Amino acid sequence: MAIQLSEIIKKWVPENSKVIDFGCGNGSLLDELIIDKNILGYGVEINDLKIAECIQKGVPVIKQDIDKGINEFISSNFDLSIMARSIQCLKNPDLALNEMLQISKRCVVTVPNLGYWRCRINLASGKMPVTPELPSSWYETENIHLCTIKDFEKLCLDKNIKVKDKIFINRRGTQSSLSLISPNLFAVEGVYLLEK
Amino acid sequence: MNLKTELLNFKEGITLESGERLDSFDLQIETYGEINKEGSNAILICHAFSGNHHAAGQSNDFGIGWWDQIIGPNKAIDTEKYFVVCCNNLGGCAGSTGPTSINPTTQKVYGKTFPIVSVDDWVNSQKMLMDRLNIDFWHLVAGGSLGGMQALQWSISYPEKVRKAGIFAAAAKSSTQNIAMNEVARESIRKDKNFYGGDYHEHNALPKNGIKTARMLGHITYLSEELMDMRFGRKFQDEASKVDESVNFEVENYLQYKGEKFSEFFDANSYILMTKAMDDYDAGKDKSLEEKLRDIKTEFLIIGFYSDWLYPPERGKEIQIAAMKNNIKSSFVVLDGEHGHDSFLFDSEPYSKLIKNFIES
């Protein structure tokens, strides 16, 4: 994960909070949060090799397919749930979002933006976008539910999900004036703090 | 590896969960490796229902240890770095005081009069062993199946004495199906004409047929359907190696052979006692698992196996959920493990790696 993204997310994580990270990968974000914010963190991951890395770091992890439902975590009193760079891989992103907001009052979600101008140029030339951020071809990508910044915010509106804060980042992983003015065109990724 | 076998006597005795007392008892133990100066590298291994103290290495009486694939120099539980302790549980039949021991009061074999023991009793007797060995805390308590139940109970009974618990192919309580299977096994023992209501020693008899049938059933539950298919299929046993004329298929021959071998060394009363302890175990009894896990500082690694239908991964997940509610640093992993319930016994790259990483994290 880019350093910038973890820095953004970190600002929204309260000290000593209880956090669950869906699609936690090798546990590096949780590991950072454990060190910097003294959180109690749990990761959810499906890949055995990444799970072994989490355990090596001492990051608690649960092997689970998020698509099979995550409502069993509702009773665990989490303060914050995180889904970084994973929501577009889910079968039912809207249901997952809804469940995350039952698991914890707040959640952090990152959304890759298919409205980014390079993606649009790809599409305009008649091809599915292949960019450094979305590098896989259509037939091998795990990203089955890609959307634009506009699409995602409309979903939040339709589902009565409040956007408490949001940050748009450009290719360099930083915020620029362009990505601020017209995120749907210039941001590669939207990072959202959501609340029900 | 520095394998040491020892029989320790506890003349102070123990009061069991049932209220009954053993005024004195022995524990047959085995240790591997060396305790370090700080006393911070001790690991307790708890055996499953038919296991014993011989977990690793070679022994004349017990052959290769039951968890030799996991415990040893440079293995997942590394005896070069850790001091590993394993004991035969109270009520067993591999050296520790059990139904085949002499009751000091009557000077006769305990037999069916041996008191009911529980998982809690085993943990309490292992705590006495810990004190005897001058171990202040376990870096890890681990086991599979009934051994995993003991690891869980250790963290409940003595939370300040266990840093980490490895709970593999286990559950917080036996399921209805587990109890049902065990009852069929026990019934086959009880109905053996040589059982004499448990008094077979008095009649110089051994209910070997009953134990054999019980074990055959057990083996079916320990394996997965897929593995049985892969290993035996519908292949016929070749004439030369048939244990019996009535045998047709390889799987029949295998079960006959395994059952027969087991019946030669395992005690019938122990079988009943051990399976009863397994059935009776409920980590959440009187309260709930969630409440029992309150204020526990032990870290958990819970591992289940997809092919295990006796203690399926969902049972491990229940422990994970209860642990998370109590803010326990706990991980839950499911592995492929082709050996069904027995998968916990076998080394595989992801399994050993998880255990090693957990111990060293």
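Calculation rules
Starting afresh in each chain, residues are numbered from 1 along the sequence in its written order. The order in which chains are written sets their letters, starting at A; the order in which ligands are written sets their numbers, starting at 1. Residues qualify for local features only when their pLDDT is at least 70, as the model is predicted, and side-chain atom pairs are given and counted only at 80 or more; totals for whole chains, interfaces and linings, by contrast, use all residues. Per the convention used, a helix needs a DSSP run of H or I reaching at least four residues, while a strand needs a run of E reaching at least two, with both numbered from the N terminus. Counting other C-beta atoms within 10 Å of a residue's own tells you its class, since 20 or more makes it buried, 12 or fewer makes it exposed, and anything in between is partly exposed; those C-beta atoms are placed from the backbone. Put simply, the radius of gyration uses C-alpha atoms, and a globule should come to 2.2 Å times the residue count raised to 0.38. A pair of residues counts as a contact when their C-beta atoms, built from backbone coordinates, are within 7 Å of each other. Domain delimitation follows an automatic or database domain assignment. Only Asp, Glu, Lys and Arg are considered charged, only Ala, Val, Leu, Ile, Met, Phe, Trp, Tyr, Cys and Pro nonpolar, and every remaining residue, Gly among them, polar.

Asks: I keep staring at the overall build of chain A and nothing clicks. Help me out?
Replies: When you go through chain A residue by residue, the secondary structure sums to eight helices and seven strands. Summarising its shape, the C-alpha atoms of chain A cover approximately 45 × 35 × 30 Å along the three principal directions. Burial statistics for chain A: of 196 residues in total, 43% are counted as buried.

Asks: What is the right way to read the overall build of chain B from this model?
Replies: On a plain count of helices and strands, chain B comes out with 10 helices and 16 strands. Relative to the compact-globule value of 21 Å for 361 residues, chain B shows a C-alpha radius of gyration of 20 Å, a close match. Along the first, second and third principal axes, the C-alpha atoms of chain B reach 60 × 50 × 45 Å. For chain B, the proportion of its 361 residues judged to be buried stands at 50%. Here the analysis covers contacts within chain B between residues at least 6 apart in sequence; of these, 69% occur between residues at least 24 apart.

Asks: Even after reading the chapter, I still don't get the domain arrangement of chain B, so can you show me in this structure?
Replies: Accessible area lost on assembly of the parts is the figure often given for the size of an interface. Residue and element names in this part refer to chain B. Segmenting chain B into domains produces domain 1 (4-173 + 282-360) and domain 2 (178-276). Taken over C-alpha atoms, the centre of domain 1 sits 25 Å from the centre of domain 2. Of the residues assigned to the side of domain 1 that touches domain 2, the class counts are nine nonpolar, 10 polar and three charged.

Asks: Any chance you could explain the interface of chain B and chain A here in plain terms?
Replies: On the chain A side, the residues contacting the 17 residues of chain B number 17 residues. Going through the elements one at a time, helix 9 (313-325), strand 16 (330-335) and helix 10 (349-360) of chain B are the ones with two or more residues in the side of chain B that touches chain A. Of the residues contributing to the side of chain B that touches chain A, the split by class is eight nonpolar, six polar and three charged.

Asks: Even after reading the chapter, I still don't get the environment of A:Lys150, so can you show me in this structure?
Replies: Residue and element names in this part refer to chain A. Counting through the fold element by element, Lys150 comes out in helix 6 (residues 149-158). You can call Lys150 partly exposed: it has 13 C-beta atoms within 10 Å. The sequence separation of Lys150 and Asn184 amounts to 34 residues, and the corresponding C-alpha distance is 6.4 Å. Those residues in contact with Lys150 that lie beyond four places of it in its chain are Gly115 and Asn184.

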